[in-house]
Amino acid sequence: MLKVILIDDEPNVRQGIKMMIPWEELDLCVVAEGEDGDDGLNKILINDPDIIIADVKMPGMTGIQMIEAAQKSGFGGKAVILSGYSDFTYAKEAMALGVKQFILKPVDEDELISCLKNLHDEIIAEQDSTIKLQKGSEYISEQFIRSLLLGDADKNSNEFAAYNTFDKFCVALISSVSDNFSSGKAVLLDMVRKQLSEFENTDVISIDLSGMLAAVFKGRNDGEVRECLNKISLSYHGRVFITIGDSVSSAEGIAASYRSADGLYSNRFLYLHYGVISSSDVKERSTEPAVPLDSFGKQIFTFMEINDSARIESCLAELQNSLCRSSYTPEKIKVICITTVLNIKSLIVKSVGEKKAEQFRDETMIGQIGTLNSLHEIIELMKKEFTAVSDTLYGKTTKSTMERVVQYIHANYNQELRLEMLANIFGYNSAYLGKVFHQYMGDNFNNYLDRIRITEAKRLLAMDEYKVYEVAEKVGYTNINYFHNKFKKYVGVSPLNYKKSCKGESAAEDDDSTEDEQE
């Protein structure tokens, strides 16, 4: 059956046409409907119909503008224009586009049926003629091109000699982003093939059952090839993935160009989001310094804690770039991403407790990561979920940068914490941050941090569950002598004597010795 699309901004008109025409008897099938010119163009590009029936006046693009845009994108079917008496000023413009069928509204059933019969017969006749004219030569040509790609072409053949009249070659592979085998996918690649075939000195063939195309560019420089393929990518709104092999200077090198393009395609899990990628693109990115992958979980959580969505996104972009420069398999990359999720969940639990941490849907995320087909999709999922949980758990009470700094100190006082580290996290110069912090809190950073730590140390000592050196470690002091001096400065007694006084025991007279603090 031939495919038909109805495009009219009046739903009643579309419904009426669908009901009045005996589609199956005419060997026709309505595959889609368009609500206006823009929607109609999108449906044409997706479905590649044989016939379109379109109103001339619609919101956005007119029917004439829509047909012209469709033809520029490769549409080669027939068009029927529906118009009122006053719309015949469009006739001359439409005829220039090859539109010969005009039907007045309200549509007459017999007239439209007769029109569709004639178009059907015309299309079938054109298809039969094309097959008879091209079948033999196309088969031979495709066989030869395939042999060039595989590196076993007959170098003594006339076709090989004709190829070698060019001084530069490049192979590109074009595939559908969708993994599903469907008629829509086949139609999409067929439209791409037609569009590429119009580019001078370019041979295009299908190379596998999925419909993947190989395009051999002859005598074209790298910029021209890239411009052509970028236009293809933009035309189909991210629905195709294109890899560009190395340029070579002879027909013998075409196989090497094909292999480099195929190597990029085999890594489509990493590169799918680029749309178009070449060997030179990958080489440029491989020179960038790698970042240790095990450091990302802590970095991302740090920015989640301060509710900085821009830094979360930046950190994830860096993770993506680092993984793109790796030689890991898709399975290994998924494991790394899942491990990052689990590490962040662990840090969230430590930060807010098990109950609140339940709002982070780590199990759902892990399940989704396993099903996704590209690294970019995984990174987008992580960005969405990490930002959402950051907003939920850490974004409600922060009103200013200084409040976020203070909140971060309270959440991380038991870790190594220096003003320089905070300045780096919040994007400040350390001297400036120190000055602003003092103005905001009325105390300098080190004193403020010590007071938080000593307050928590007093609470832990009063519980009588930990030894003094254990309390020191829990509140962020790695040196017991330093902890003793700080505690005595702020409390007036040693940690051990404070602990004894909390139990109602007699405290020993304080001196500068810390030997008893090891008990």
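Cut-offs applied
Residues numbered from 1 in each chain as written. Predicted model: local features only at pLDDT ≥ 70, side-chain atom pairs only at ≥ 80, totals over all residues. Heavy atoms only, no water. Pairing = 2+ DSSP bridges. Helix = DSSP H or I, 4+ residues; strand = E, 2+ residues; numbered from the N terminus. Axes fitted to C-alpha atoms, helices over the stretch in contact; angles between N-to-C directions. Contact = heavy atoms within 4.5 Å. pLDDT = per-residue confidence, 0-100. Parallel < 35°, antiparallel > 145°, perpendicular 65-115°, else oblique. Nonpolar A, V, L, I, M, F, W, Y, C, P; charged D, E, K, R; others polar. Salt bridge = Lys/Arg side-chain N within 4 Å of Asp/Glu carboxyl O. Buried < 20%, exposed > 50% of the residue type's maximum accessible area, 1.4 Å probe, protein only. Left-handed = near helix turned anticlockwise from the far one by under 90°. Polar contact = N/O pair within 3.5 Å; in protein donor to acceptor, adjacent residues only side chain to side chain. Phe/Tyr/Trp six-rings, centres within 6.5 Å; stacked < 30°, edge-to-face > 60°.

Caption draft 1: Just the sheet that holds strand β8 (residues 213-218), in detail. Ordered in space as β7-β8-β6-β9-β10, the five strands form an open sheet in which the pairing is mixed. Only two strands of the sheet have a single partner each, and these edge strands are β7 (202-206) and β10 (276-278). Pairs of neighbouring strands in the sheet enclose a mean axial angle of 20°, with direction left out of account. Sheet topology note: the strand β9 (residues 240-244)/β10 ladder contains three bridges and is parallel. Bridging across to β10, T243 finds its partner in I277. Across the face of the sheet, helix α8 (residues 222-235) comes into contact with β6 (169-176), β8, β9 and β10 while running at roughly 170° to β9.

Caption draft 2: Representation of the confidence of the model for the protein in the model. Put simply, the protein has an average pLDDT of 84, and 87% of its residues get 70 or more. Across residues 131-136, where pLDDT falls below 50, the model places zero contacts with residues more than four positions away in sequence or in other chains.

Caption draft 3: Highlighting the packing of helix α12 (residues 296-305) against helix α17 (residues 375-394). Two numbers describe how α12 lies on α17: the axes approach to 8 Å, and their chain directions differ by 45°. When the axes of α12 and α17 are compared, the pair comes out oblique. Taking contact as the criterion, the partners of I300, F301, F303, M304 and E305 in α12 are, on α17, F386, V389, S390 and Y394. Here the residues of the contact of α12 with α17 are counted per class, giving seven nonpolar, one polar and one charged.

Caption draft 4: Local environment of the pattern of salt bridges. Here the structure, examined in full by the defined rule, presents 29 salt bridges. Close ionic contact of K105 with E10 constitutes a salt bridge, the shortest N to O distance being 4.0 Å. Placement of the pair is K105 in the loop between β5 (101-104) and α5 (109-150) and E10 in the loop between β1 (2-7) and α1 (11-20), with a sequence separation of 95 residues. Using a relative accessible area of 23% as the deciding quantity, one classes K105 as partly exposed. Looking at E10, the relative accessible area reads 40%, which means it is partly exposed.

Caption draft 5: Looking closely at the packing of α12 against helix α14 (residues 330-352). As a packed pair, α12 and α14 sit with axes 9 Å apart at the nearest point and diverge in direction by 45°. Classified by the angle between their axes, α12 and α14 sit oblique to one another. Classified by chirality, the crossing of α14 by α12 is right-handed. Within the contact between the two elements, α12 uses G297, K298, I300, F301, M304 and E305 and α14 uses T340, I344, L347, I348 and S351.

Caption draft 6: Here's a closer look at the sheet that holds β1. Strand order in the open sheet made by the five strands is β2-β1-β3-β4-β5, with parallel pairing throughout. Edge strands, defined here as strands with exactly one partner in the open sheet, are β2 (28-34) and β5. For this sheet, the mean angle separating the axes of adjacent strands, direction not counted, is 20°. Relative to strand β3 (residues 51-55), β1 is paired through four bridges, and the arrangement is parallel. Following the sheet pairing, I7 is matched in β3 by A54. Running over the sheet, helix α2 (residues 37-47) touches β1, β2 and β3 and is turned about 140° from β2.

Caption draft 7: How the structure looks around the side chain of N47. Its location among the elements puts N47 in helix α2. A distance of 2.9 Å separates the side chain of N47 from the backbone oxygen of K43, its partner in a polar contact. Every residue in contact with N47, bar those within four places of it in the chain, is listed here: K3, I5, V31, A32 and V187.

Caption draft 8: Region of interest: the packing of aromatic side chains. Per the stated rule, a full pass over the model turns up 15 aromatic pairs. With a centroid separation of 5.6 Å and 75° between ring planes, the pair formed by F437 and Y448 is classed as edge-to-face. Here the residue F437 occupies a position in helix α20 (residues 430-441), and Y448 occupies one in helix α21 (residues 445-463), the gap between them amounting to 11 residues. Like F437, the residue Y448 is buried in the burial classification. A centroid spacing of 5.6 Å and a plane angle of 65° characterise the contact between F487 and Y498, whose relative ring orientation is edge-to-face. Separated by 11 residues along the polypeptide, F487 in helix α23 (residues 480-491) and Y498 in helix α24 (residues 495-502) bring together distant segments of the chain.

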